[in-house]
Amino acid sequence: QVQLVESGGGLVQAGGSLRLSCAASGSIFGRYDMGWYRQVPGKQRELVARITRDSNTNYADSVKGRFTISRNNANYTVYLRMNRLKPEDTAVYYCHLEDSYYHSYWGQGTQVTVSS
């Protein structure tokens, strides 16, 4: 099993910044992709940013130029740096990992609230 633990969420004013972290532990097989998704009540979970096992990245259009995803393979951690936050970024942010066998794992989520 793989465990993902997120941290770094909180309350911030519009225009501010936060950095989310997600630490993975457990039986991670082979190389793996990681990503961040977010969800608001009544809506589907959506991709925010993803970083592949080769460190290729892709972002939702709504966050391009403001958010940066990165990873540290030495300690199985992925980060999401969020700048120029907007009230519409308010959501629960979830960390995701997919291993070489296409097993998919989720963190418990961390709340990000951006006040106007």
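Anything mentioned here points back to the structure above.
My aim in this report is to walk through the structure given alongside it, one point at a time. Since the model is a prediction, treat every value here as computed from it, not as a measurement. (Residues numbered from 1 in each chain as written. Predicted model: local features only at pLDDT ≥ 70, side-chain atom pairs only at ≥ 80, totals over all residues. Heavy atoms only, no water.)

Turning our attention to the pattern of salt bridges. For the structure shown, the criterion picks out seven salt bridges. Taking the shortest distance from any N to any O, the salt bridge between Asp54 and Arg31 comes out at 2.4 Å. One end of the pair, Asp54, is in the loop between strand S5 (46-51) and strand S6 (57-59); the other, Arg31, is in the loop between strand S3 (18-26) and strand S4 (33-39), with 23 residues separating them in the sequence. Here Asp33 and Arg53 are joined by a salt bridge, their closest N and O atoms 2.9 Å apart. In this pair, Asp33 sits in strand S4 while Arg53 sits in the loop between S5 and S6, placing the two residues 20 residues apart along the sequence. (Salt bridge = Lys/Arg side-chain N within 4 Å of Asp/Glu carboxyl O. Helix = DSSP H or I, 4+ residues; strand = E, 2+ residues; numbered from the N terminus.)

With respect to the helices and strands, the residue Ser21 is situated in strand S3. You can call Ser21 buried: its relative accessible area is 16%. Dropping the residues within four chain positions of it, Ser21 is found in contact with Val5, Glu6, Ser7, Trp36, Val78 and Tyr79. (Buried < 20%, exposed > 50% of the residue type's maximum accessible area, 1.4 Å probe, protein only. Contact = heavy atoms within 4.5 Å.)

All right, on to unusual backbone geometry then. Although it is not a glycine, Tyr76 sits at a positive phi angle of roughly 55°. Its place among the elements puts Tyr76 in the loop between strand S7 (67-72) and strand S8 (77-82). Residue Tyr76 is classed as partly exposed on the basis of its relative accessible area, which comes to 37%.

Bringing the nonpolar core into the picture now. Leu4, Met34, Trp36, Leu80, Met82 and Tyr93 are the most contacted members of the largest nonpolar core, which has 29 residues in total. Mapped by element, the contributors of at least two residues to this core are strand S1 (2-7), S3, S4, S5, S7, S8, strand S9 (91-98) and strand S11 (110-115). Once residues within four sequence positions are removed from consideration, Leu80 is found in contact with Leu18, Arg19, Leu20, Trp36, Val48, Ala49, Phe67, Thr68, Ile69 and Tyr93. (Core = buried A, V, L, I, M, F, W, Y, C linked by side-chain atoms within 4.5 Å.)

Read these as geometric descriptors, not functional statements.
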